[in-house]
Protein chains: 2
Amino acid sequence: MRIEKNVKCEDCPLKCDIYLTSREMGMESMLNPAYVYYKKFETICRQGGKIDNSTVILKGNAKMFVSGHCSRNIILNILIPSNYIGLVSLYGLPDYPYSVAALEDCHTCQINNDAIEQIYQKNEHFMKLLNHSFGHSVSNIIDKLISLNQKHIRGRVAESLLYLSKVYDSECFKLTITRRELGELSAISEENTVRVLTDFKNENIINIDGREIELVDIEALSRISLNC
Amino acid sequence: MRIEKNVKCEDCPLKCDIYLTSREMGMESMLNPAYVYYKKFETICRQGGKIDNSTVILKGNAKMFVSGHCSRNIILNILIPSNYIGLVSLYGLPDYPYSVAALEDCHTCQINNDAIEQIYQKNEHFMKLLNHSFGHSVSNIIDKLISLNQKHIRGRVAESLLYLSKVYDSECFKLTITRRELGELSAISEENTVRVLTDFKNENIINIDGREIELVDIEALSRISLNC
DNA sequence: TCTCGACATTGATATTAATCAACTATTTTA
DNA sequence: TAAAATAGTTGATTAATATCAATGTCGAGA
């Protein structure tokens, strides 16, 4: 982790959103964003830690995960540039309910929650957006709950692959996560993750070359993902 | 389901909260709460259905659950008088992410969301509360996610019993749910639910007499619940 | 009171997925 | 570059839980 000086961040969504409103309200000078750089594997925020800022990923991938019992992790999301951390908890929780760790070197932009809170205290539109995002969080986690509990490993891996395809916005992508982490995304063991991937390959549903994955038969993946 | 006329609801928390603010803002007359009665087993709201009101349980128990694949259910919460339905989704989601069904005959108070929204549009305090409640929802479901995925059935049943003890606010309570539903609360089969209950009884951790359950050794239950 | 149906219980079996063990391939680092 | 660490793979075994089958119990209603 390193604070970066003299960063010019043209396309920082957090700054844009907040910057515009703060200027509108003449509170522009309060923002003082910090640009923070994390090396691969570094922790960006830790489950149980105090939330005191809103962070947006500018560059690099990160994983949002929860540490369960026996230090077994479940990955909730893969974060890509423009994704927020912490904002979902503004006014909500004092502590992070999850951890975030860098999968690659990550550049972030962080703004203190006090500043955001003061600016948005009377901004109904922003609060609505925040609530909306909360609602979707609840909905996503409920979906995950059902998947993990009721789908078999083939369905869970298929779902994860389809999810990653959406995240990377292509049917052909290079994984930023290990097989173990792909397992944690589906909440199954590393070994079974590999086995299912191999099966899918042999069934000509996907192509694998190391971390390069190509979804060949999306139709089949969707069908497998929906079966329980 | 039956709309009840001429109900006097002295201790309706929804009405109180909203009533006070609406009076403050001179919008009292917009509320028009409906008092609705549901017979045991009736659906109070259905997963995927449009959310157009906020409902508070005045009397009776209900279950909040999600229907997964193969119409297998997972119960998220048991609702008791004073618990809200739908409010958590105000501004958030257009559709219910869960269903609620009456476990007993239930009396409810329902207020149209449009009315609440207009009253609270500029009420920062209420929005904060709403966000706070959202944060806790996320947090609770994440906990459930970890439990279901990483705890064994003994731990999950122990956790459910401790949860029910909190809901019913006593170490000795009469279940409002069947064994099957107790299983759905722990996301395990009915048969294994019975087996674990019987084991707990033989280990003198609980006493069972039909639907009457007494938690004898809470210490042990907590320990079992925390083991993975 | 009898019967039906929902609920509860128990044992046997099958299935699923985790774990263990061994090994190969690929990166990192000294 | 060699050695060590990390990542990926495969097979065998074990453990956990679901499912199936049978039976018991209780209350509501004819």
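Just so you know, these numbers come straight off a predicted model, no measurement behind them. (Residues numbered from 1 in each chain as written. Chains lettered and ligands numbered in written order. Predicted model: local features only at pLDDT ≥ 70, side-chain atom pairs only at ≥ 80, totals over all residues. Heavy atoms only, no water.)

K.L.:
Would you take a moment to explain the protein's contact with DNA strand C for this structure?
P.N.:
Around DNA strand C there are 17 residues in total, and His152(A), Ile153(A), Asn192(A), Arg179(B) and Arg195(B) lie nearest to it. Backbone atoms, meaning sugar and phosphate, form 59% of the atoms of DNA strand C found within 4 Å of the protein. In this structure, Ile153(A) approaches DNA strand C through a main-chain N or O atom, which is 2.9 Å from a phosphate oxygen. A distance of 3.0 Å separates a phosphate oxygen of DNA strand C from a polar side-chain atom of Thr198(B). For the surface near DNA strand C, the elements supplying multiple residues, two or more each, are helix H6 (190-202) of chain A together with helix H6 (190-202) of chain B. Of the residues forming the surface near DNA strand C, the biggest block, five residues, is contributed by H6(B). Class assignment of the residues belonging to the surface near DNA strand C gives a composition of four nonpolar, five polar and eight charged. (Near = heavy atom within 4 Å. Polar contact = N/O pair within 3.5 Å; in protein donor to acceptor, adjacent residues only side chain to side chain. Helix = DSSP H or I, 4+ residues; strand = E, 2+ residues; numbered from the N terminus. Nonpolar A, V, L, I, M, F, W, Y, C, P; charged D, E, K, R; others polar.)

K.L.:
Help me understand the sheet that holds strand S2 (residues 34-38) of chain A, please; the structure alone is not making it clear to me.
P.N.:
Where strands meet in a sheet, backbone hydrogen bonds hold them as pairs that are either parallel or antiparallel. Residue and element names in this part refer to chain A. Read from one edge to the other, the open sheet built from five strands follows the order S1-S2-S9-S4-S7, with strand pairing classed as antiparallel. Of all strands in the sheet, those with a lone pairing partner are strand S1 (2-4) and strand S7 (84-85), marking the two edges. Here S1 pairs with S2 via three bridges, running antiparallel. Bridge pairing links Arg2 to Tyr37 in S2. The strands touched by helix H2 (residues 113-120) within the sheet are strand S4 (53-59) and strand S9 (106-112), with S9 carrying the most contacts at an inclination of about 55°. (Pairing = 2+ DSSP bridges. Contact = heavy atoms within 4.5 Å. Axes fitted to C-alpha atoms, helices over the stretch in contact; angles between N-to-C directions.)

K.L.:
Would you explain the interface of chain A and chain B in this entry?
P.N.:
One frequent convention defines the size of an interface as the accessible area lost when the parts assemble. Facing 42 residues of chain A, the contacting portion of chain B comprises 42 residues. Taken together, the connections running from chain A to chain B amount to zero salt bridges. Remark: the boundary between chain A and chain B carries two residue pairs in polar contact (both at pLDDT 80 or more). Elements with a minimum of two residues in the side of chain A that touches chain B: strand S5 (62-67), strand S6 (73-79) and helix H3 (124-150) of chain A. (Salt bridge = Lys/Arg side-chain N within 4 Å of Asp/Glu carboxyl O.)

K.L.:
Sorry, what's going on with the packing of aromatic side chains here?
P.N.:
Aromatic rings in a pair are described by how distant their centres are and how their planes are angled relative to each other. Residue and element names in this part refer to chain B. Scanning all chains against the criterion turns up four aromatic pairs over all chains. Ring plane angle 50° and centroid distance 6.1 Å describe the contact between Tyr96 and Tyr98, whose orientation is recorded as tilted. On the accessibility criterion, Tyr98 (4% relative accessible area) is buried. Between Tyr168 and Phe173, the ring centres sit 5.2 Å apart and the planes meet at 35°, which makes this aromatic pair tilted. Lys63 extends its terminal NZ or CZ atom over the ring of Phe65, reaching a point 5.1 Å from the ring centre. (Phe/Tyr/Trp six-rings, centres within 6.5 Å; stacked < 30°, edge-to-face > 60°. Buried < 20%, exposed > 50% of the residue type's maximum accessible area, 1.4 Å probe, protein only. Lys NZ or Arg CZ within 6 Å of the ring centre and 35° of its normal.)

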